[in-house]
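Structure assessment
Here's the letter readout for the chains.
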Amino acid sequence: MSQVSIVNHDQKEFWNDIKGKLWVEMQARIDSMLSPFGEKALRTLNPQKGEKILEIGCGTGTMTLALAEHVKTSGQILAADISHPMLELAVSRGKAASADSISFVEADAQVYTFPTGEFDALFSRFGVMFFENPIAAFRNFHGAVRKGGRLVYVCWADRKDNPWIRIPTGASKEFLEIPPPPETDAPGQFAMEREARVREILGKAGWSKIELERFDIDHSLGQNVQDAAGFISKMGPMSEPFALADNRTKQKCLEAIQFALKPYENSTGVQMRFGTWIVSAARS
Ligand SMILES: C[S@@+](CC[C@H](N)C(=O)[O-])C[C@H]1O[C@@H](n2cnc3c(N)ncnc32)[C@H](O)[C@@H]1O
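Residues numbered from 1 in each chain as written. Predicted model: local features only at pLDDT ≥ 70, side-chain atom pairs only at ≥ 80, totals over all residues. Heavy atoms only, no water.

So, on to the overall build of the protein chain. Counting its regular elements, the protein chain contains 11 helices and 8 strands. Relative to the 2.2 N^0.38 estimate, which gives 19 Å for 284 residues, the radius of gyration of the protein chain is 19 Å and therefore close to what a compact globule would have. In terms of principal-axis extent, the alpha carbons of the protein chain reach across some 55 × 40 × 40 Å. Per-residue burial for the protein chain yields a buried fraction of 56% across its 284 residues. Within the protein chain, contacts between residues separated by at least 24 positions form 83% of all contacts whose residues are at least 6 apart in sequence. Of the roughly 12600 Å² of accessible surface on the protein chain, a fraction of 51% belongs to carbon and sulfur atoms. In the protein chain, 33 positive and 35 negative side-chain charges are present, and the distance between their average locations comes to 4 Å. (Helix = DSSP H or I, 4+ residues; strand = E, 2+ residues; numbered from the N terminus. Rg over C-alpha atoms; globule rule 2.2 N^0.38 Å. Buried < 20%, exposed > 50% of the residue type's maximum accessible area, 1.4 Å probe, protein only. Contact = heavy atoms within 4.5 Å. Areas by Shrake-Rupley, 256 points an atom, 1.4 Å probe, with all protein chains shown as cover. Lys, Arg positive; Asp, Glu negative; His and termini not counted. Charge placed at Lys NZ, Arg CZ, Asp CG, Glu CD.)

Taken as a whole and assessed by the stated rule, the structure comprises 0 disulfides. Looking at the unpaired C58, the closest cysteine sulfur is the one in C155, lying at 18 Å. With a relative accessible area of 7%, C58 lands in the buried category. In this structure C155 comes out as buried when scored by relative accessible area, which is 0%. (Disulfide = S-S within 2.5 Å.)

Let us look at the packing of helix α2 (residues 18-25) against helix α5 (residues 84-96). Taken N-terminus to C-terminus, the directions of α2 and α5 make an angle of 25°; their axes are 7 Å apart at the nearest point. Taken as axis vectors, α2 and α5 run roughly parallel relative to one another. Together, G20, W23 and V24 of α2 and P85, M86 and L89 of α5 make up the contact between the two elements. Across the contact of α2 with α5, the residue classes tally to 5 nonpolar, 1 polar and no charged. (Axes fitted to C-alpha atoms, helices over the stretch in contact; angles between N-to-C directions. Parallel < 35°, antiparallel > 145°, perpendicular 65-115°, else oblique. Nonpolar A, V, L, I, M, F, W, Y, C, P; charged D, E, K, R; others polar.)

Below is the structure:
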């Protein structure tokens, strides 16, 4: 791993502090929640044996390992992330899997100097919504992908179509001081929610054949409301204030989230709507 210049200082701090550590602690659980979206994006990418793929915001490395399986030993994956703790886990999982085709770089992907025209494709699962200058970031990625190459990523779509995060966050506000949601289009979970904005960013960054496919599913947030509330309180926007709260406040907050999630609970768990965009584009 190597470390170079950073422009996204807030995101570096965010993903290296409590948030990054929680993602490491909850890697398996987060993966089981995110897996249908990563799998769908991977099917759209359709990686081939021998391909070189750049992964942005690889986090704890789950999709990195999946990509490596597809490209086999003749292919290569370069996986970049700004979070030291998440990348540490990714590196150790790569070693445990003896995945020699994977290299990791600890970097701000917006400004990191990737090798020019080197990659057949760029991939990301929820790792491209955090750039203060997304056009610069996607232009940087454009330079790294060869002519005729492609991009596929999955990101969250309209926040109104993601009650799994909106409803528990609303419920916890009574007990926790939740950071205000980022302003429209500012770096954060929903920064790429608007189709027109995605088209503008990718178009200005030089990408062509831009396509957005909605992939919305009902999916489980937990086995029951207790399980779902415990999970989302560590994963959602309330995770930092929740981690710092006293036990009594935590308990009250969990009860409020459980109450808010109750209408979604059935015999198969807490089933909620998750709305995403599968975005693809070409490097012509
Ligand atoms: C929502 S997490 C997704 C992680 C992983 N792709 C997954 O699906 O499990 C977003 C990831 O993007 C990374 N990230 C945020 N800003 C970044 C930047 N400027 N450069 C590189 N990685 C960044 C974070 O550290 C984090 O690992």
